[in-house]
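Examining the three-dimensional arrangement
What follows is each chain in one-letter form.
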Amino acid sequence: MENKKELRTWLDDMKLDHPLVIAGPCSAETEEQVLKIAHELKDTDVTVFRAGVWKPRTRPGGFEGVGAVALPWLKKVKEQTGLLTAVEVANVAHVKLALEADVDILWLGARTTVNPFAVQEVADALEGTDKIILIKNPINPDLALWLGGVERLYKANIKNLGVIHRGFSSYKKTRYRNVPQWQLPIELKRQFPDLPIINDPSHICGNRTGIQEISQIALDLNFEGLMIETHITPDDAWSDAAQQITPARLVEIMNDLKVRKPKAEGETLDQLQQLRAEIDVIDNHIIDTLAERMKVAVQIGEVKKSKNISVLQDARWGEILQNMVAVGEKSGLSQDFIESVFKAIHQESINKQEEIVTSK
Ligand SMILES: C=C(O[C@@H]1C=C(C(=O)O)C=C[C@H]1O)C(=O)O
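Named according to an unreviewed UniProt entry, the protein chain is chorismate mutase originating from Wenyingzhuangia marina.

With that settled, the discussion passes to the site of the ligand. The environment of the ligand is formed by Ala297, Ile300, Leu312, Gln313, Arg316, Trp317, Ile320, His346, Ser349, Ile350 and Gln353. Within the residue set of the shell around the ligand, elements represented by two or more residues are helix 12 (266-307), helix 13 (314-330) and helix 14 (335-358). A per-element tally of the shell around the ligand places helix 14 first, with 4 residues. Split by residue class, the shell around the ligand holds 6 nonpolar, 4 polar and 1 charged.

A word on the UniProt feature "domain: Chorismate mutase" (unreviewed entry) in the protein chain. The positions that UniProt labels "domain: Chorismate mutase" (unreviewed entry) are, in the present scheme, residues 266-357. Secondary structure across residues 266-357 comprises 89% helix and 0% strand; the distance between its end C-alpha atoms is 55 Å.

Let us now look at the packing of helix 13 against helix 14. Two elements in contact, helix 13 and helix 14, have axes separated by 9 Å at closest approach and are oriented at 140 degrees. Like other packed secondary-structure pairs, helix 13 and helix 14 cross with a definite hand, here right-handed. Packed against helix 13, whose contacting residues are Trp317, Ile320, Leu321, Met324, Val325 and Gly328, the element helix 14 presents Gln335, Ile338, Glu339, Phe342 and His346 at the interface.

Strand 1 (residues 20-24) sits mainly inside the fold: 5 of its 5 residues count as buried. Every second residue of strand 1 is oriented toward a common face, with Leu20, Ile22 and Gly24 on one face and Val21 and Ala23 on the other, all of them buried. Both strand 1 and strand 8 (residues 225-229) contribute to a ladder of 5 bridges, which runs parallel. Across the sheet, residue Leu20 finds its bridge partner in strand 8, namely Gly225.

Okay, the domain arrangement of the protein chain next. Reports of interface size often rely on the accessible area that becomes lost once the parts have come together. The domain architecture assigned to the protein chain consists of domain 1 (5-256) and domain 2 (266-358). The distance between the C-alpha centroids of domain 1 and domain 2 comes to 39 Å.

Reading the values: the criteria
- Every chain's residues receive numbers from 1 upward, in the order its sequence appears when written.
- Per-residue local features of the predicted model are confined to residues with pLDDT of at least 70, and side-chain atom pairs are confined, for both listing and counting, to 80 or more; whole-chain, interface and lining totals are unaffected and use all residues.
- Residue proximity rests on one test: whether the C-beta atom, placed from the backbone, lies within 6 Å of the molecule or strand.
- Numbering goes from the N terminus for both helices and strands, where a helix is a DSSP run of H or I of at least four residues and a strand is a run of E of at least two.
- Each residue receives one of three labels: charged for Asp, Glu, Lys and Arg, nonpolar for Ala, Val, Leu, Ile, Met, Phe, Trp, Tyr, Cys and Pro, and polar for the others, Gly being one of them.
- UniProt positions are given in the numbering used here, feature names are shortened, and annotations may be inferred rather than shown by experiment.
- Only the stretch in contact is used when a helix axis is fitted, and all axes are lines through C-alpha atoms; the angle between N-to-C directions ranges over 0 to 180 degrees.
- Helix crossings are classified by the rotation of the near helix relative to the far one: an anticlockwise turn of less than a right angle makes the crossing left-handed, while a clockwise turn makes it right-handed.
- Two residues form a contact once the distance between their C-beta atoms, set from the backbone, is within 7 Å.
- Every C-beta atom is placed from the backbone, and the number of other C-beta atoms within 10 Å of a residue's own sets its class: buried at 20 or more, exposed at 12 or fewer, partly exposed in between.
- We treat two strands as partners when DSSP finds at least two bridges between them.
- Residue ranges for the domains originate in an automatic or database domain assignment.

In structure tokens:
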């Protein structure tokens, strides 16, 4: 699949003067709940009403969605409010029912995107559809797997495509439910600038408090839209209660978010260009310094080879990491940043030394 302007046609056709907003409950619970939320969202920036009908749960026994009975409720949403509707589909049966119910947008969840068999099955069932299909990132930070999902749908002759960034699972305890790992959507945008990308701050945060901050970062990274879980009484929600917000809070967030211009012009551009020239000089210094460091690591590698000493020196490495985090902190650089930079440097130095010690 190549980047093409036509990938964003469906979004351009909506002629929005603000980012696309998809909102609605995590799960459709009752007809009354669905319609109440939809009516509250009707005269806002929201264009699409979302509601989970089939819910993939981590462990059995949880609320797994009310199922197909909710589809007529979504039809009513469309008739009564004019909002488009969106549901998650995970298999052929879901696709058939959602298409029959004339749902406008179907999305593949993170647990589906991880499985190419499942994606292919859904793609085959959707073949040639003119519905909008959105693909959430897989649970693990694997860009190829995410793009593979998009490609399977594209190959099934589906042209109204987009992706949803909902963050990535981590074994570490973090302040996020799913770590954003912004570098993945940034790289996706670099390769496919015309593939619409929507951010899902609800699943990244797992709570209400971080939604505005994550939404703002997404807009600053030129995401085309936001998908935010919204409930009339969030605390009573049958699923994901902690991360849902009221329609009123959603409107507040929308009003506070700043949409910035994608490109600088005129004087601002001149100013940026001057600063960018400075960055270019500094980047070249960084490369020279890294190359110098690597030369020393190579010399150390040669000593290790001649004296038969192992490549990895845990204690020395631990000491460097600790010192550099402390030094970095003094310059206002975060621990995460310093650790990732030095881990990458250390790995390259190990690779170089390994080449030396294993050479004949
Ligand atoms: C350079 C060395 O080899 C390895 C690489 C290190 C580095 O790049 O700083 C540190 C410790 C070793 O794991 C060394 O032993 O000092």
